[in-house]
Amino acid sequence: MDRLSEHYSEGKCDRCWGYYRCRFGGRRANPLMLRCGGQPGAPHAKRCYLEAILKEALFLLLISAAATFAAAEQGAIHIPLPTVNINLDPTGVQDVSSLLVARQLHCQLVRMRGREAVPEAAQQIRFVTPTLLRMRLNPLARFSDGSPVKSRDVVATFKLLKSSRLVLRNIFSWIDKIDAVDDQTVEFHLLKPFPSFLKFLGAPNYAIIPEDFIKRAVSAPLLWRTPIGCGKYRVTRWDDASG
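These numbers come from a predicted model, not from an experiment.

Thresholds applied
- Positions within a chain are numbered from 1, following the residues in the order the chain's sequence is written.
- Local features are withheld for residues below a pLDDT of 70 in this predicted model, meaning they are given only at 70 or higher, and side-chain atom pairs are given and counted only at 80 or more; totals for whole chains, interfaces and linings count all residues.
- Calculated side-chain values reflect all of the structure's heavy atoms, with hydrogen atoms and water omitted.
- At least two DSSP bridges between two strands are required for those strands to pair.
- Elements are defined by DSSP. Helices are runs of H or I of four residues or more, strands are runs of E of two residues or more, and each kind is numbered from the N terminus.
- Axes, fitted as lines to C-alpha atoms, cover a helix only where it is in contact. Angles between the N-to-C directions of the axes lie from 0 to 180 degrees.
- Residue contacts follow a heavy-atom distance rule, with two residues in contact if any of their heavy atoms lie within 4.5 Å.
- Each nonpolar core is a collection of buried residues, namely Ala, Val, Leu, Ile, Met, Phe, Trp, Tyr and Cys, held together in the definition by side-chain atoms within 4.5 Å.
- Here the term buried applies to any residue with accessible area under 20% of the maximum for its type, exposed to any over 50%, and partly exposed to those in between, with areas from a 1.4 Å probe on protein chains only.
- Working definition: a disulfide is two cysteine sulfur atoms within 2.5 Å of each other.
- Any residue with relative accessible area above 30% and no salt bridge may belong to a patch, with like charges joined within 9 Å and the nonpolar Val, Leu, Ile, Met, Phe, Trp and Tyr side chains within 5 Å.
- Only the protein chains shown count as cover for residues, and the accessible areas themselves come from Shrake-Rupley with a 1.4 Å probe.
- In the sections that follow, a salt bridge refers to a side-chain nitrogen of Lys or Arg positioned within 4 Å of a carboxyl oxygen of Asp or Glu.
- By this rule the span expected of a helix is its residue count minus one, scaled by 1.5 Å.
- Scored from 0 to 100, pLDDT records how confident the predictor is in each individual residue.

Considerations on the sheet that holds strand 7 (residues 132-137)
At step 1: Read from one edge to the other, the open sheet built from four strands follows the order 6-7-9-8, with strand pairing classed as antiparallel. Two strands in the sheet have a free side with no partner beyond their single neighbour: strand 6 (122-129) and strand 8 (175-182). Going across the sheet, the axis of each strand differs from the next one's by a mean of 20 degrees, ignoring polarity.
At step 2: Two elements, strand 6 and strand 7, share six bridges in a ladder whose sense is antiparallel. The residue of strand 7 that forms the bridge with Arg-126 is Arg-134.
At step 3: The strands touched by helix 3 (residues 151-164) are strand 7, strand 8 and strand 9 (185-190); relative to strand 8, the strand with the most contacts, the crossing angle is about 160 degrees.

Here's the deal with the nonpolar core
At step 1: Grouped together as the largest cluster of nonpolar side chains are 37 residues, with contacts concentrated most on Leu-109, Met-135, Phe-158, Phe-188, Phe-197 and Leu-201.
At step 2: Those elements giving two or more residues to this core turn out to be strand 7, helix 3, strand 8, strand 9, helix 4 (197-201) and helix 5 (211-219).
At step 3: Ignoring any residue separated from it by four or fewer positions in sequence, one finds Phe-158 in contact with Leu-109, Phe-172, Ile-178, Phe-188, Leu-201 and Tyr-206.
At step 4: With six residues, the next largest nonpolar core counts Ile-86, Val-101, Ala-102 and Val-235 among its residues.

What to know about the state of the cysteines
Disulfides are covalent bonds that connect the sulfur atoms of two cysteines.
At step 1: Tallied over the entire structure, the rule returns one disulfide.
At step 2: Disulfide partner of Cys-107: Cys-230, at an S-S distance of 1.8 Å. Taking the sign of the torsion about the S-S bond as the criterion, the disulfide between Cys-107 and Cys-230, at about -90 degrees, is left-handed. One end of the pair, Cys-107, is in the loop between helix 2 (96-105) and strand 4 (110-113); the other, Cys-230, is in the segment after helix 5, and 123 residues separate them in sequence.

Topic: a nonpolar patch on the surface
At step 1: Together, Leu-166, Val-167 and Leu-168 make up an exposed nonpolar region whose accessible area comes to about 280 Å².
At step 2: Mapped onto the elements of the fold, Leu-166 is located in the loop between helix 3 and strand 8.
At step 3: A relative accessible area of 63% means that Leu-166 is categorised as exposed.

Some words on helix 3
At step 1: For helix 3, with 14 residues, the first-to-last C-alpha span of 20 Å sits near the 20 Å given by 1.5 Å per residue.
At step 2: Next to the buried residues of helix 3 lie strand 7, strand 8, strand 9, helix 4 and helix 5.

Looking at the confidence of the model for the protein
At step 1: The predicted model of the protein averages 75 in pLDDT, with 63% of residues at 70 or higher.
At step 2: Per-residue pLDDT stays below 50 along residues 1-9; that stretch engages in 29 contacts with residues further than four places along the chain or on separate chains.
At step 3: Within the model, the stretch residues 12-47 combines pLDDT values under 50 with 79 contacts to residues more than four positions away or in other chains.

Side note on the pairing of strand 5 (residues 116-119)
At step 1: With four bridges connecting them, strand 4 and strand 5 associate as antiparallel partners. Residue pairing for strand 5: Arg-111 is matched across the bridge by Val-118.
At step 2: If you look at the hairpin formed by strand 4 and strand 5, you'll find two residues sitting between the two strands, and Gly-114 has a positive phi there, around 70 degrees.

Examining the pattern of salt bridges
At step 1: Tallied over the full model, the rule gives six salt bridges.
At step 2: A salt bridge links Lys-177 to Asp-179; the shortest N-O distance between them is 3.8 Å.
At step 3: According to the relative accessible area criterion, Asp-179 is partly exposed, its value standing at 27%.
At step 4: Each of Arg-103, Arg-111 and Glu-120 takes part in one network of salt bridges that share partners.

Digging into the side chain of Gln-184
At step 1: Note on placement: Gln-184 falls in the loop between strand 8 and strand 9.
At step 2: In this view, Gln-184 contacts Met-135, Arg-136, Leu-137, Asn-138, Pro-139, Val-149 and Ser-151; residues no more than four positions away in its chain are not counted.

This is how it looks when you write it as structure tokens:
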């Protein structure tokens, strides 16, 4: 990633009303005080560091958008990341970069849009009773290998997460069991009424994985580098050398 050009930002000190300057270069923020005895006091340092973080975040957003638009005509998305050590295995610890990539590869039953949980792989959602949630899957939902998303894939995914996930396990404290009624219908049996269940289910941590892929990945964990998902994109190449 190219370093940001070195430049300065000026402001007024909240403590002494004197002016200060922040020097930016890459990820480094070095406050240079013109008053306060020339010492790097806390108000200056915190403000400069915050400005540096915000400027770098904006820079990454701009280059990501530029790369996306440049590749749009080719049906590809290029995602510049601050690290190459991303984890696409949903049972492990996933940082922001990993979740960003996973979001493009996978679909979920529902997704949060603002404060509302909206259907994604699910087509119909109904609480039959306060503790029984029935979902009808969208027949058009497909994995990247062309196979349809079925209820057994949903059951296998949540079974995998419950048995192997290291973090973000709170949702399982409300689930009694999950049943595949038929290929297109899945039922969640809750231990007790929980009105916010769909909001938890819509968090970006419950991607649907094919049952067959899960079985193969048990003995071949490297398959998680190119997972099969039901999102709009799939991984075609890793470029570790680009940093």
